[in-house]
Amino acid sequence: MAFTSEELERYSRHIILKEVGVKGQKKLCAAKVLIIGAGGLGAPAALYLAAAGVGTIGIADADEVELSNLQRQIIHGTSDLGKPKVVSAAETLADINPGVKVIPIQDFIDSSNILDIIADYDFIIDGVDNFPTKFLINDACVMAKKPFVHAGIIRFRGQLMTYVPGEGPCYRCVFKEMPPKDAVPTCKQAGVIGAMAGVIGCLEALEAIKYICGIGDLLTGRLLTFDALKGDFHTIKLPPRDPNCAICGDHPTITKLIDYEQPECADAQHGTALA
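These remarks concern the structure in this document. None of these values were measured; they are calculated from a predicted model. (Residues numbered from 1 in each chain as written. Predicted model: local features only at pLDDT ≥ 70, side-chain atom pairs only at ≥ 80, totals over all residues. Heavy atoms only, no water.)

Overview of the overall build of the protein
And then number 1: For the protein, the count of helices and strands is 10 helices and 8 strands.
And then number 2: Taken over C-alpha atoms, the radius of gyration comes to 18 Å for the protein, in line with the 19 Å a tight globule of 275 residues would show.
And then number 3: With respect to the three principal axes, the spread of C-alpha positions in the protein is 60 × 40 × 40 Å.
And then number 4: Residues classed as buried in the protein amount to 52% of the 275 residues present.
And then number 5: Here the contacts in the protein between residues at least 6 apart in sequence split such that 69% fall between residues at least 24 apart.
And then number 6: Summed over its atoms, the accessible surface of the protein is roughly 13000 Å², and 53% of this surface lies on carbon and sulfur atoms.
And then number 7: Charge separation in the protein, taken as the distance between the mean sites of 26 positive and 33 negative side-chain charges, equals 6 Å. (Helix = DSSP H or I, 4+ residues; strand = E, 2+ residues; numbered from the N terminus. Rg over C-alpha atoms; globule rule 2.2 N^0.38 Å. Buried < 20%, exposed > 50% of the residue type's maximum accessible area, 1.4 Å probe, protein only. Contact = heavy atoms within 4.5 Å. Areas by Shrake-Rupley, 256 points an atom, 1.4 Å probe, with all protein chains shown as cover. Lys, Arg positive; Asp, Glu negative; His and termini not counted. Charge placed at Lys NZ, Arg CZ, Asp CG, Glu CD.)

Pasting the structure below:
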């Protein structure tokens, strides 16, 4: 593909980067990224992926825009209240970059549809706010051999890690099981500083861009945490892939996707995982 003069101008700041160049920008324009969740994390990720010229962006979310969303879900505006989030997001992205194809998926992601939905995408972004869906995304991506980035935020803290098939542990290797119900508060219960969603969501977009372009070091085998109050980024080296992991281990016991329910009680510790 040859870029038009308008495209060369639009992506000029990418193209002059030796790590990206014309070749990398062409990879971005040919790539397909799926964002599951058009909320606090998915909103900034979608904005920057569209601006970067990612050719196809799928956005899956079944919710409508509410007033409380606008403190952090910057892809939506006051005039979008009551509108399906995927419609609002698609309209915003079309204005940012009309050359990007946006596929709105106004549906709940569950075990019956996730494999079909992720099948056509090169990279998946976890932008959801609940543990059952996070585990479902992980298990589906492992089964389908799809790379994805996980992230979570709460209060003034955030974290993320990237899974690439064959290159490190999956989410379930690190966090074996879901925490007990109500053991970890949600953002609705505990609050979250809006800009935290921007910081971590943008880092998710950056992981996708690095993967597509084949540049830099991904957060595979590492968990990046950010404490906004301390202004402290910290990278934790994760254990290697767990050969006994229920989904990516040598003898997986999870062979069929299910819709998880958060347990009332459990012995497993979930560390610092955030919803």
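More follows now that the structure is in view.
Some remarks on unusual backbone geometry
As a rule of thumb, non-glycine residues mostly have phi less than zero, and peptide bonds are mostly trans rather than cis.
And then number 1: For K145, which is not glycine, the phi torsion reads 55 degrees and is therefore positive.
And then number 2: With respect to the secondary-structure elements, K145 resides in the loop between α7 (131-144) and β5 (148-154).
And then number 3: Non-glycine residue R155 carries a positive phi angle of around 50 degrees.
And then number 4: Residue placement: R155 occurs in the loop between β5 and β6 (157-163).

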